[in-house]
Amino acid sequence: MKRWFDLRRRSAGLWAFRLHRLSGIGLVFYLYLHLAVLNQLRGGPGRWDAFVALARSPLFLALDVILLGGVLIHGLNGLRLTLLGFGRGLRWQKPLFWVGLTLSVVLMSWGAVAMFRR
Amino acid sequence: MEQMEQIKMGSGRWGWLLQAVSGILLVVLVGLHWVAQHFLAAGGLRTYADVAAYLRQPVIFGLEAAFLIVVTTHALLGVRAILLDLGLGPRADHVLRWALALVGAATVGYGLDLTLAVIR
């Protein structure tokens, strides 16, 4: 168990693997948190609209940016893993990881600006 | 390729294939969900009336229901892969598969019930 979380002396591929698993755990946690929060809809317009006002606060927006980063890292690395799993792009597995990570940072930054500007 | 073999051996070939296919579908469905719910909605989030009107559209209801089913399947297959990776045996995996199927059915049932409660 301890070894699973030990990221030292790992190749880029294993860094990608661990990052994929950790972002995946975070996203599963978020999925159930999101479903629990949506239960506010059962309380009708008063309860939901009050929650929406709170969710538009900078703190919630910052959490949304972190979520977007997690989705991008997990999604883009997932596409890379799928390609590799089907035997495609084997030579490019490391550059693909770095391209995905860079793209995640760029898109997350763009998303952050778009969310805070609304 | 060490990590690929680790993934495939951990969750089995069929489990891995379903994980990959649901993952590809999710890239599209998450993109649609995120843009529709957070970028097209005024102020970034919909009011109760807007949520109800949005979900009453049959195409949107279908897309959101598909998103719920695919994301739950992908998430629970991921949980199984991680648990198997930590050394769960075949017998425990059998129990785990049933447990995760029940959790998945409950999750989808809860989500659909909530959606129907809003659009009624």
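Computed from a predicted model, the values in this text were never measured in an experiment.

Draft legend 1. Representation of the overall build of chain A. A tally of regular secondary structure across chain A gives five helices and zero strands. Reading the helices (α) and strands (β) of chain A from amino to carboxyl end gives α-α-α-α-α. Computed over the C-alpha atoms, the radius of gyration of chain A is 18 Å, more than 25% above the 13 Å expected from 2.2 N^0.38 for a compact globule of 118 residues. Taken along the three principal axes of its C-alpha coordinates, chain A extends 55 × 35 × 30 Å. Intrachain contacts of chain A at a sequence separation of at least 6 include 71% that bridge at least 24 residues.

Draft legend 2. The interface of chain A and chain B, seen in detail. Between chain A and chain B, the contact holds 33 residues from the first and 32 residues from the second. When residues of the side of chain A that touches chain B are traced back to their parent elements, those giving at least two are α2 (12–38), α3 (44–55), α4 (58–85) and α5 (93–117) of chain A. The element contributing the most residues to the side of chain A that touches chain B is α2 of chain A, with 10 residues. Its residues assigned to classes, the side of chain A that touches chain B shows 20 nonpolar, eight polar and five charged.

Draft legend 3. Structural context of helix α2 (residues 13–39) of chain B. Residue and element names in this part refer to chain B. For α2, which comprises 27 residues, the first-to-last C-alpha distance of 37 Å matches the rise-based estimate of 39 Å (1.5 Å per residue) to within 8%. Along α2, the sharpest kink reaches roughly 30 degrees, centred on Leu26. Looking at α2, one finds that the buried residues are Trp16, Gln19, Ala20, Ser22, Gly23, Leu26 and Leu29.

Draft legend 4. Seen up close, the confidence of the model for chain A. Within chain A, residue pLDDT values average 89, and 92% of them lie at 70 or more. Mean pLDDT values for the elements of chain A range from 62 in helix α1 (residues 2–5) of chain A up to 93 in α4 of chain A.

Draft legend 5. Quick peek at the environment of His20 of chain A. Residues and elements named next belong to chain A. Within the element layout of this structure, His20 appears in helix α2. A tally of 21 C-beta atoms within 10 Å means that His20 is categorised as buried. Separated by 55 residues in sequence, His20 and Gly75 place their C-alpha atoms 8.8 Å apart. Setting aside chain neighbours within four positions, we find His20 in contact with His74, Asn77, Gly78 and Leu81.

Draft legend 6. Representation of the nonpolar core within the structure. Residues and elements named next belong to chain B. Counting eight residues, the largest nonpolar core is built from Leu26, Leu29, Leu68, Val71, Ala75, Leu76, Leu77 and Ala81. For this core, the secondary-structure elements that each account for two or more residues are α2 and α4 (58–85). Counting residues per element, this core draws most heavily on α4, at six residues. Among all residues touching Leu68, those that are not within four sequence positions of it are Val108 and Gly111.

Draft legend 7. Just α5 of chain A, in detail. Residues and elements named next belong to chain A. Between the first and last C-alpha of α5 there are 36 Å, a value that for 25 residues agrees with the 36 Å anticipated at 1.5 Å per step. Restricting attention to buried positions, one finds in α5 the residues Leu96, Phe97, Gly100, Ser104 and Gly111. The inward-facing, buried residues of α5 contact α2 and α4.

Draft legend 8. Summary view of the packing of α4 of chain A against α5 of chain A. Residues and elements named next belong to chain A. Their axes nearest at 9 Å, the elements α4 and α5 cross at an angle of 155 degrees. Taken as axis vectors, α4 and α5 run roughly antiparallel relative to one another. Pair α4 / α5 crosses with right-handed handedness. Here the residues of the contact of α4 with α5 are counted per class, giving 16 nonpolar, six polar and two charged.

Draft legend 9. Structural detail: the packing of α2 of chain A against α5 of chain A. All names here are of chain A. The geometry of α2 relative to α5 is characterised by a closest axis approach of 9 Å and an angle of 45 degrees between their N-to-C directions. By the criterion of interaxial angle, the relationship of α2 to α5 is oblique. Crossing handedness for the pair α2 and α5: left-handed. Within the contact between the two elements, α2 uses Ala12, Gly13 and Ala16 and α5 uses Gln93, Lys94 and Phe97. Taken together, the residues of the contact of α2 with α5 sort by class into three nonpolar, two polar and one charged.

Thresholds, definitions, all that
- Residues numbered from 1 in each chain as written.
- Chains lettered and ligands numbered in written order.
- Predicted model: local features only at pLDDT ≥ 70, side-chain atom pairs only at ≥ 80, totals over all residues.
- Helix = DSSP H or I, 4+ residues; strand = E, 2+ residues; numbered from the N terminus.
- Rg over C-alpha atoms; globule rule 2.2 N^0.38 Å.
- Contact = placed C-beta atoms within 7 Å.
- Nonpolar A, V, L, I, M, F, W, Y, C, P; charged D, E, K, R; others polar.
- Expected span 1.5 Å × (residues − 1).
- Bend = angle between axes of the 7 residues up to and from the residue.
- Buried ≥ 20, exposed ≤ 12 C-beta atoms within 10 Å, placed from the backbone.
- pLDDT = per-residue confidence, 0-100.
- Core = buried A, V, L, I, M, F, W, Y, C linked by C-beta atoms within 7 Å.
- Axes fitted to C-alpha atoms, helices over the stretch in contact; angles between N-to-C directions.
- Parallel < 35°, antiparallel > 145°, perpendicular 65-115°, else oblique.
- Left-handed = near helix turned anticlockwise from the far one by under 90°.

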